Amino acid sequence: MTRPSLFLAAIDAALCAGDEILEVYNSAFTVEHKADRTPLTRADTRAHRAIVEALQRTCLPVLSEEGRAIDYQTRRNWTDFWMVDPLDGTKEFVKRNGEFTVNIALIHNGDPVAGVIWVPVTKTLYFATEDVGAHRIYDPSPSPPSDLQAWLRHSTPLPCEPARSQYVAVASRSHTSAETEAFLADLRSQHQCVHTRSVGSSLKICLVAEGAADVYPRFSPTMEWDTAAGQAIAQGAGKRVIDQETGSPMRYNKPSLRNPWFIVS
């Protein structure tokens, strides 16, 4: 069972990070590039600092995209820790299309047992724990609920979207592959009507968790911090995030932090 204090700390951290991100988003900012040529802005680093500071009181280690240089020999013995992407969808941030998120997951023995995803531009919060399921709440500020039960009273359980006649597949806005296109072509041969939506960041997993989409195939590179919070939310909504090679749920804190290809359904 996830302690309510941990859940509340994760939400507070995500909201604080969102404030830092929006301050940069609404200003003139410059874009740098990491060694792997992915973009980096002041929003990434400011959000990272805000999250680490907010989570310090939990006394659990933090593994963040912006602080990834932690040797496996150090983290291999972690039973519980935070997996964080301070700004998921930096490319979407740079494009100013609003499709970026703050992702915070609690990992227990390799499993994401709780997750928080905050969408700063739309003020949408997704959260899940293994014992209460997945939920969505709009605009919890400026007076967010003070305890877990209050959060549950003010939120909507997932999935929540009405039934559709169309089969909906969601794909990455900025990352695609020939394998993804082949998967979508196969879907079109199985279903009379397939609609494809392109969305950035962990919002793709959230769409499946909501019931707004049926499947999200990811056959291009991602890292553990990209998916951990989304997997917790998807699983809390009764969905699956499956390693395409093993057919088993995705695992975390591997020696390599790169994810295998996966399907959310």
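What you see is a predicted model, and the numbers here were worked out from it, not measured in a lab.

Turning next to the sheet that holds strand 7 (residues 124–129). Taking strand neighbours across the sheet as the criterion, the seven strands line up as 3-4-5-6-7-8-9 in an open arrangement whose pairing is mixed. One side of each edge strand has no neighbouring strand; the edge strands of this open sheet are strand 3 (62–64) and strand 9 (156–157). Across three bridges, strand 3 lies against strand 4 (residues 80–88) in parallel orientation. When the sheet's bridge partners are listed, Val 62 is paired in strand 4 with Trp 82. Where helix 1 (residues 4–25) meets the sheet, its contacts fall on strand 4, strand 5 (101–108), strand 6 (111–119) and strand 7, and the angle it forms with strand 5 comes to roughly 155°. Against the sheet, helix 2 (residues 42–55) makes contact with strand 3, strand 4 and strand 5, and its axis sits at roughly 155° relative to strand 4, the strand it touches most.

The next point concerns unusual backbone geometry. Put simply, Leu 158 and Pro 159 share a cis peptide bond, and its omega is 0°. You can see Pro 159 is positioned in the loop between strand 9 and strand 10 (167–172). Positive phi, normally seen in glycine, also occurs at Cys 59, with a value near 65°. Inspection of the secondary structure puts Cys 59 in the loop between helix 2 and strand 3. Phi angles above zero are rare outside glycine, and Ser 201 is one such case at about 60°. The exposure class of Ser 201 is buried, given its relative accessible area of 11%.

A separate point is the packing of helix 1 against helix 2. Look at helix 1 against helix 2: their axes get within 8 Å of each other, and the N-to-C directions meet at 155°. Considering the angle they form, helix 1 stands roughly antiparallel to helix 2. Both helix 1 and helix 2 take part in a crossing whose hand is right-handed. Of the residues in helix 2, those touching helix 1 at Ala 9, Ala 10, Asp 12, Ala 13, Cys 16, Ala 17, Glu 20, Ile 21, Glu 23 and Val 24 are Arg 42, Ala 43, Arg 46, Ala 47, Ala 50, Ile 51, Ala 54 and Leu 55.

Throughout the structure, instances matching the rule amount to zero disulfides. Among the cysteines around Cys 16, which has no disulfide bond, Cys 59 carries the closest sulfur, lying 18 Å off. Taking the relative accessible area as the measure of exposure, Cys 16 reaches 31% and is therefore partly exposed. Unpaired in this structure, Cys 206 has its nearest cysteine sulfur neighbour in Cys 160, at a distance of 11 Å.

With 13 residues, helix 6 (residues 178–190) extends 19 Å between its outermost C-alpha atoms, agreeing within 8% with the 18 Å of an ideal straight helix rising 1.5 Å per residue. All of the buried residues along helix 6 are Thr 180, Leu 184 and Leu 187. Looking straight down helix 6, one finds that the buried residues subtend no more than 55° of arc, so they occupy a single side. In helix 6, the exposed positions that point more than 90 degrees away from the buried face belong to Ala 178 and Ser 189. On its buried side, helix 6 packs onto strand 10, strand 11 (194–199) and strand 12 (216–218).

Attention now moves to the sheet that holds strand 12. The strand order 12-14-13 describes an open sheet built from three strands, whose pairing is antiparallel. Looking at which strands have only one partner, the edges of the open sheet turn out to be strand 12 and strand 13 (241–243). For this sheet, the mean angle separating the axes of adjacent strands, direction not counted, is 15°. Looking at chain direction, strand 12 and strand 14 (residues 262–264) are connected through three bridges and run antiparallel. The residue bridging Arg 218 from the neighbouring strand is Phe 262, located in strand 14.

In this section: helix 7 (residues 203–210). For helix 7, the buried fraction is high: eight of the eight residues fall into the buried class. Those residues of helix 7 lying buried are Leu 203, Lys 204, Ile 205, Cys 206, Leu 207, Val 208, Ala 209 and Glu 210. Positioned one or two residues after helix 7, Gly 211 has a phi angle of 95°, which is positive.

So, on to the pairing of strand 8 (residues 133–138). Judged by how many residues are buried, strand 8 sits mostly within the fold: five of six residues are covered. Bridge count between strand 7 and strand 8: six bridges; the pairing is antiparallel. If you follow Thr 129 over to strand 8, its bridge partner there is Gly 133. Here strand 7 folds back onto strand 8, and the loop between the two strands holds three residues. Pairing analysis gives two bridges linking strand 8 to strand 9, with the strands arranged antiparallel. By the bridge assignment, Arg 136 is partnered in strand 9 with Thr 156.

The rules we used
Residues numbered from 1 in each chain as written. Predicted model: local features only at pLDDT ≥ 70, side-chain atom pairs only at ≥ 80, totals over all residues. Heavy atoms only, no water. Pairing = 2+ DSSP bridges. Helix = DSSP H or I, 4+ residues; strand = E, 2+ residues; numbered from the N terminus. Contact = heavy atoms within 4.5 Å. Axes fitted to C-alpha atoms, helices over the stretch in contact; angles between N-to-C directions. Buried < 20%, exposed > 50% of the residue type's maximum accessible area, 1.4 Å probe, protein only. Parallel < 35°, antiparallel > 145°, perpendicular 65-115°, else oblique. Left-handed = near helix turned anticlockwise from the far one by under 90°. Disulfide = S-S within 2.5 Å. Expected span 1.5 Å × (residues − 1). Arc of directions from axis to C-beta.

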